[in-house]
Structures are given as structure tokens and as C-alpha cells.
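Given next are the chains, with one letter for each unit.
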Amino acid sequence: MPDSDILFRKIAGTPCDPVTGSGCTGERVAVIRPGSGDTVYVPRSMTADVRYSGSLASADDFDRLRICHDFEFWAVTCCNIRDKNTGSVIPFRLNAPQRYVVSMFEEDRLAERPLRFIMLKARQWGGSTLVQMYMAWIQCTQRCNWNSLICAHVKDTSAIIRGMYSDMLAMYPRHLWMGGEGSEPSFRGFERAINVREINGRGCRVTVGSSENHEAVRGADFAMAHLSEVAFWADTPQRTPRQLVRAVCGSVNIAPLTLIVMESTANGVGNYFHSEWLRACAGTSDKRPVFIPWYYISIYSTPVDDPEALIGSLDDYERELMDRYGCSLEQVNWYHRRRREYPDHAMMQAEYPTDPVEAFTHSGYQVFAPEHIERLRSKCAEPVVRGDMTGPVITGPRALHTLRFTPSAAGNLSVWKLPVNNAADYN
């Protein structure tokens, strides 16, 4: 079983109550909440805060301090979202995959490391919602004048993500709002800018942009960036994802509470998002890779009427789901049934990947068989040297003799094997 699965199952298997703090993320201590006299479990960082003794004067003072240290408590107390299944507005109570990701966010935040993540998304677990609400928590409780960017493949998607933020502010508890005196939790316009809103009383700006318009995000001062559906960003000679990410991330300092999350569903191999995922997995990127497989998501499970008959109908792949990944029979039953809706297994793997390789190789448009590509990829290596060809350009039989190879880490020419006769001679 992968190490990530072991951590996830530990988190998912722990009963959690975000109101009392029992079973929630991080190291917690039991204290008595003033006013109610209830025992609650708060992050240890809260009791170490110099404001802690003063917060014991009233329940509101206690809760105001707690929301600064306890994201899960803030989410269920201050943050309301629209349920996808019913359309009703409900408190934001984190599900198991969201708690798993938050455990990594909080690990880096408490260690005062910059938060840098690349997230390969499955569907129907609320990854984009989590990222946006975590950024909102930082802007509403941790920092003033802490600007953020939401950038998706198209502007409408960015606007929808910011819309979640607007809805949250509209229902934010007034007695817990930490804005300036007389301010209300809401957005207001900023300098007549169409794409920018400012949070009342916090001075934090939230900008929306898209991969279709690089100029809209250039030159801004961002402390956080939510880059959504990066695998689908426009990639043309005039506009590339690499250029846009460089423009955005170049404005984000390497400092505590700064955040960059690059997330997407897979869209084939060889694109910018896939390359960045491979770099993160190899440890050569600043980002931590996060993947949520289908079996982390609780709705993907179906009761089993006849266990013996089901087991007898499974193929080798489905048996491996239990043996290697620890899937329950109910989860395998769901997979077995859903798989019958697709004409081939590859289509099922594209929609509901079990591992990152499936997510990438069975999505997008494939010319060659995925298993052949992965076999070749396993033997890939970094070039021996990078550089550029420099020198005067002439025509004629000796045209190449005037060019010289100049090593450079940023060069456009990659060399995997140097000349045999004189490996030290690049010319």
C-alpha cells in the first residue's frame, strides 16, 4: 500500500468533530471553553499565543482567537458553501480527502515554510473549494493586505471560484469578523478594476484572470495564487503556461503564509502540467505533489448483496484494487459496476484514475499505447549538458565550422551524449 494511502486511511479512520476539535488536524490540547464550560480540543499553537489568557474573558473572544489557529473550526463556523447534490447552503465541514490535503497545508504553515503544491485532481471531492477557502482563511484571519490571484483556463471559471468567496463573505458571522471597526464581511470594488475586488476591513485584494489573457495578471503584487485547471491552459507560440506561471509566481515572495497551488484534472501527457507533476514527483520542483484517487472519495462505494459472486466476477485488475490499494469490497463493487458503462477500461481509468500514471496516460488524445509510452519514460534521463550554438552564421560547405556550443543551464539545446573522440570538446 502506498505511503500516501497509509496517511489518508489514518486521517479518514479517525472520528472528527470540527466544532469540538476532537480528531482534527494537528497537535491539540483539551481546554475549557469560557461561557459554555464545554471541553474543546484546540491547536497547541493557540494556547501558546500571547493573546490566549485574554481570550478566556468571553466565548466570543475565545472563538475569535481560535479561528486564527484552527482552520477546520473556522470552516465549519464561519464558512458556508452550496452543496453540489442538494443545492442547499451548508457549513463547510471538511470531508476525508480535504482533511488529508489540509494536513499537508498545515504541516508547512506551522513550520513557517511557503506553501507550494501541485494537485492532480479527481472529481467530486471539492479540491478547488478547499484551496479557495484556505486562501480565504488566511486573508480573513492571518494577514491584512495579503493579495491573491485566481487564474483558470477561462475567465468564467475563475469568476465561479471567486463567487464561492463572495457567498462565504455574505454569510460570515458578524460577531467573528476581524475587519476594521464598522466594516462588514463583503467585497468592494477596487480602483474601478473589473477583475479585482477588495475585502472590506482587511485590505486584501482578490484578482481573477485566465490563461487567455496574460496581461491581466502582470505587474500585480500577489502573496497567494490559485492556478486552476492548468492542464487545459492555452499553449500557443504567443501564450504558454510557462510564461504565465513565471509572471505570476515571480511576484510571490518565498516567505511564510505565501501560497501557490497549481491544480488540474489530467489532460494527457507531455503538456506543461504533466511536466511540472513529474518534476514535483522527482523532487526537483518547489512544489509538493498531491493526488486524490477515486477510492479516497466516499461516494464511490456500493453495498454488496452477494460477496462470493462478486469476488468470482472480478478480473486481475479489480483484485489488485483490494490486494495492493486496500480497497473495500464495497468500493470494488462500485468500480466493477461503473466500469461496465464504458466500452473499454482505458475510458474508465481516465475518468476515475487509481494512480497518477492512469490519470495522465488515459486522458487527452493518445497516438501510441500508454503502456509503451510509460515503458520508454522509465528509461528517460536528464541531458548531460544544456547550452546554445553561438558564432557567426555563414553559408557554404563550412557553415557549421563557425558555430560553437556554449554550455548554459538555460540553453535551448540539450545534449544527451558528448562526442566520442573528445568528450571535453563541445565544438
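Remember, predicted model here, so these are calculated numbers, not experimental data.

Q: Can you break down the sheet that holds strand β9 (residues 205-210) residue by residue, with the values?
A: In any sheet, the strands associate via hydrogen bonds between backbone groups, in a parallel or an antiparallel arrangement. A sheet is described by the order of its strands in space; here eight strands give the open sequence β7-β8-β9-β6-β10-β11-β5-β12, paired in mixed fashion. Bordering the open sheet on either side are β7 (187-190) and β12 (288-291), each of which pairs with just one other strand. Adjacent strand axes in the sheet meet at a mean angle of 20° when their direction is disregarded. As judged from the four bridges shared by strand β6 (residues 148-152) and strand β10 (residues 224-228), these two strands associate in the parallel manner. The partner of Leu 149 across the bridge, within β10, is Ala 225. Against the sheet, helix α9 (residues 241-249) makes contact with β6, β9, β10 and β11 (259-264), and its axis sits at roughly 160° relative to β10, the strand it touches most.

Q: Lay out helix α13 (residues 329-339) with the relevant residues and their values.
A: For the α-helix, the turn length of 3.6 residues means that residues three or four positions removed from each other point alike. Counting buried positions along α13 yields eight of eleven residues, so the element is predominantly enclosed. Leu 329, Gln 331, Val 332, Asn 333, Trp 334, Tyr 335, His 336 and Arg 339 are the residues of α13 that are buried. On its buried face, α13 is in contact with α11 (307-313), α12 (316-323) and α14 (345-351).

Q: I'd like a description of the pairing of strand β2 (residues 39-43), backed by residues and values.
A: With five bridges connecting them, strand β1 (residues 28-32) and β2 associate as antiparallel partners. Paired with Ile 32 across the strands is Thr 39, a residue of β2. In this antiparallel pair of consecutive strands, β1 and β2, the connection spans six residues, and Gly 35 shows a positive phi of 90°.

Q: So, unusual backbone geometry: which residues are in play, and what are the values?
A: With a phi angle near 50°, Glu 229 is a residue other than glycine that sits in the positive phi range. Backbone geometry places Leu 257, a non-glycine residue, at a positive phi of 70°. Here Leu 257 shows up in the loop between α9 and β11. Since its relative accessible area comes to 8%, Leu 257 is described here as buried.

Q: Tell me about the packing of aromatic side chains, and please be specific about residues and values.
A: Remark: the centre distance and the inter-plane angle together describe each pair of aromatic rings, the angle taken between the planes. Evaluated as defined, the whole model comprises 24 aromatic pairs. Between Phe 8 and Tyr 100, the ring centres sit 5.8 Å apart and the planes meet at 85°, which makes this aromatic pair edge-to-face. Of this pair, Phe 8 sits in helix α1 (residues 3-12) while Tyr 100 is found in helix α6 (residues 96-110), placing the two residues 92 residues apart along the sequence. Overall, Tyr 100 belongs to the buried group, its relative accessible area being 5%. Pairwise contacts between aromatic rings join Phe 8, Tyr 100, Trp 294, Tyr 295, Tyr 296, Tyr 300, Tyr 317, Tyr 325, Trp 334, Tyr 335 and Tyr 352 into one cluster. Arg 66 extends its terminal NZ or CZ atom over the ring of Phe 73, reaching a point 3.8 Å from the ring centre. A cation over a ring is seen here: Arg 143 above Trp 146, with NZ or CZ 5.5 Å from the ring centre.

Q: Could you give me a rundown of the packing of helix α4 (residues 59-69) against helix α5 (residues 71-78), with the residues and numbers involved?
A: One way to put it is that α4 packs onto α5 with a least axis distance of 6 Å and a crossing angle of 120°. Classed by the angle they form, the pair α4 and α5 counts as oblique. Seen along the crossing, α4 lies across α5 with a hand that is left-handed. Here α4 contributes Asp 63, Arg 66, Ile 67 and His 69 to the contact with α5, which in turn contributes Phe 71, Phe 73, Trp 74 and Cys 78. When grouped by side-chain class, the residues that make up the contact of α4 with α5 number five nonpolar, one polar and two charged.

The rules behind these values
Residues numbered from 1 in each chain as written. Predicted model: local features only at pLDDT ≥ 70, side-chain atom pairs only at ≥ 80, totals over all residues. Heavy atoms only, no water. Pairing = 2+ DSSP bridges. Helix = DSSP H or I, 4+ residues; strand = E, 2+ residues; numbered from the N terminus. Axes fitted to C-alpha atoms, helices over the stretch in contact; angles between N-to-C directions. Contact = heavy atoms within 4.5 Å. Buried < 20%, exposed > 50% of the residue type's maximum accessible area, 1.4 Å probe, protein only. Phe/Tyr/Trp six-rings, centres within 6.5 Å; stacked < 30°, edge-to-face > 60°. Lys NZ or Arg CZ within 6 Å of the ring centre and 35° of its normal. Parallel < 35°, antiparallel > 145°, perpendicular 65-115°, else oblique. Left-handed = near helix turned anticlockwise from the far one by under 90°. Nonpolar A, V, L, I, M, F, W, Y, C, P; charged D, E, K, R; others polar.

So far we have only geometry, and geometry alone does not tell us how the molecule works.
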